[in-house]
Amino acid sequence: MATVAQVRSGQQFGDPADSTMTAAALGERATGWEFAWLDGRPGGPSWSYPDLARAQLRRAGSLLDLDTGSGELLVELAPLPMHTVAVESFARNIPVARDRLAPFGVPVLTELPGGEDEFDVVLSRHGRLPAADIFRLLRPGGTLLTQQVGSDDLAGLNSALGAPPAYRGKWNAELAVAALEEAGLEVTDVREERPAVAFRDVGAVVRQLRDLPWQIRDFTPERYAETLGRLDSFIRLHGELTVAAHRFLVQAVRS
């Protein structure tokens with residue numbers, strides 16, 4: 001039987017302590033938004049992205065980390081190659097990433113480097129995947145490792161709340177592979193999974209939507225109060241709401 005990641009907030013919808021689910025009770029949005037809360041937990045993808053990245057870095061003299069976020073993963077991967085560059089364009093993350101990565105001598109750029117044939121490894125976890133630029137920046141023989149969030153991620157949560165889909169277009173392993181191959185890269189590994197995630201109370205749903213605001217872009221507890229109330233009744237009756245995450249991993253090389 002597949003393992004299910006369980007999410008619980010400790011706060012129930014309509015609790016007297018916070019009848020309107022304010023930020024104080026449910027927690028403010030974390031600095032450096034991430035999808036990585038599921039990775040490495042029961043119900044997460046079967047592979048370990050950090051372990052796969054470390055395997056690539058053992059032989060690398062240079063590294064580019066796309067959309068590094070707050071830099072937490074890059075620090076986890078240390079020791080890093082002598083020439084390591086991170087890219088982050090989200091304003092809230094940039095100062096956090098720079099402070100975190102400065103002791104490692106890693107610059108944080110806000111745009112892609114402009115050169116060619118510069119990096120042995122390009123990493124992108126839950127970030128952009130500009131195939132032509134990746135081909136340009138990789139040295140011949142260099143490797144791309146990316147883990148992506150697919151367009152079906154937590155779609156059941158949107159359905160349960162009567163919200164529009166989080167993503168306008170489809171995004172999956174097949175499309176990513178096609179883009180990378182079109183750019184000239186040779187794909188060597190593809191994995192795609194939809195691990196189950198169980199929300200054990202409606203407060204956990206609200207916290208999730210606050211931390212990942214693109215899931216339901218117009219979400220506020222007040223705007224969705226009626227559907228949250230129905231979802232709360234459903235969870236109290238059935239014990240949980242189970243939806244599917246969507247992750248895929250692609251590894252490719254530049255010949």
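Worth saying up front: this structure is predicted, and the values here are computed from it rather than measured. (Residues numbered from 1 in each chain as written. Predicted model: local features only at pLDDT ≥ 70, side-chain atom pairs only at ≥ 80, totals over all residues. Heavy atoms only, no water.)

## Observations regarding the overall build of the protein
Each helix and strand in the protein was counted, giving 9 helices and 10 strands. The burial tally for the protein puts 50% of its 255 residues in the buried class. Accessible surface computed for the protein: about 11900 Å², of which carbon and sulfur atoms make up 51%. (Helix = DSSP H or I, 4+ residues; strand = E, 2+ residues; numbered from the N terminus. Buried < 20%, exposed > 50% of the residue type's maximum accessible area, 1.4 Å probe, protein only. Areas by Shrake-Rupley, 256 points an atom, 1.4 Å probe, with all protein chains shown as cover.)

## Here we look at the packing of aromatic side chains
What the rule picks out here adds up to 2 aromatic pairs. Summarising the aromatic geometry, the rings of tryptophan 171 and phenylalanine 248 are spaced 5.7 Å apart at their centres and angled 65° between planes, so their arrangement reads as edge-to-face. Separated by 77 residues along the polypeptide, tryptophan 171 in the loop between α6 (155-160) and α7 (173-182) and phenylalanine 248 in strand β10 (residues 247-253) bring together distant segments of the chain. The ring of phenylalanine 135 carries the charged tip of arginine 254 above its face, separated from the ring centre by 4.4 Å. (Phe/Tyr/Trp six-rings, centres within 6.5 Å; stacked < 30°, edge-to-face > 60°. Lys NZ or Arg CZ within 6 Å of the ring centre and 35° of its normal.)

## Observations concerning helix α9 (residues 225-238)
End to end, α9 covers 20 Å across 14 residues, agreeing with the expected 20 Å (1.5 Å per residue, within 8%). Among all positions in α9, only Thr227, Leu228, Leu231, Asp232 and Ile235 are buried. For α9, the angular spread of the buried residues around the axis is 145°, confining them to a single face. The exposed residues of α9 that point more than 90 degrees off its buried face are Glu226, Arg236 and Leu237. Buried residues along α9 sit against α6, β8 (196-199), α8 (202-211) and β9 (241-244). Glycine 239 sits one or two positions beyond α9 and adopts a positive phi of about 95°. (Expected span 1.5 Å × (residues − 1). Arc of directions from axis to C-beta. Contact = heavy atoms within 4.5 Å.)

## Regarding unusual backbone geometry
The step from alanine 78 to proline 79 runs through a cis peptide bond, and the omega angle for that step is 10°. Looking at where proline 79 falls in the secondary structure, it is placed in the loop between α3 (72-76) and β3 (83-87). Phi angles above zero are rare outside glycine, and aspartate 117 is one such case at about 50°. Its place among the elements puts aspartate 117 in the loop between β4 (108-109) and β5 (119-125). Judged by relative accessible area, which is 36%, aspartate 117 ranks as partly exposed.

## With respect to α7
Turning to α7, its buried residues are Ala173, Ala176, Val177 and Leu180. Buried positions in α7, seen along its axis, are confined to an arc of 100° and lie on one side of it. Away from the buried face of α7 by more than 90 degrees, exposed residues Glu174 and Glu182 are located. In this fold, the buried residues of α7 make contact with α5 (131-137), β6 (138-149), β7 (186-193) and β10. Near the N-terminus of α7, the side chain that reaches the backbone nitrogen of glutamate 174, with its oxygen 3.2 Å away, is that of asparagine 172. Downstream of α7 by one or two residues, glycine 184 has phi in the positive range, about 110°. (Polar contact = N/O pair within 3.5 Å; in protein donor to acceptor, adjacent residues only side chain to side chain.)

Without other data, these values stay purely geometric and don't point to any function.
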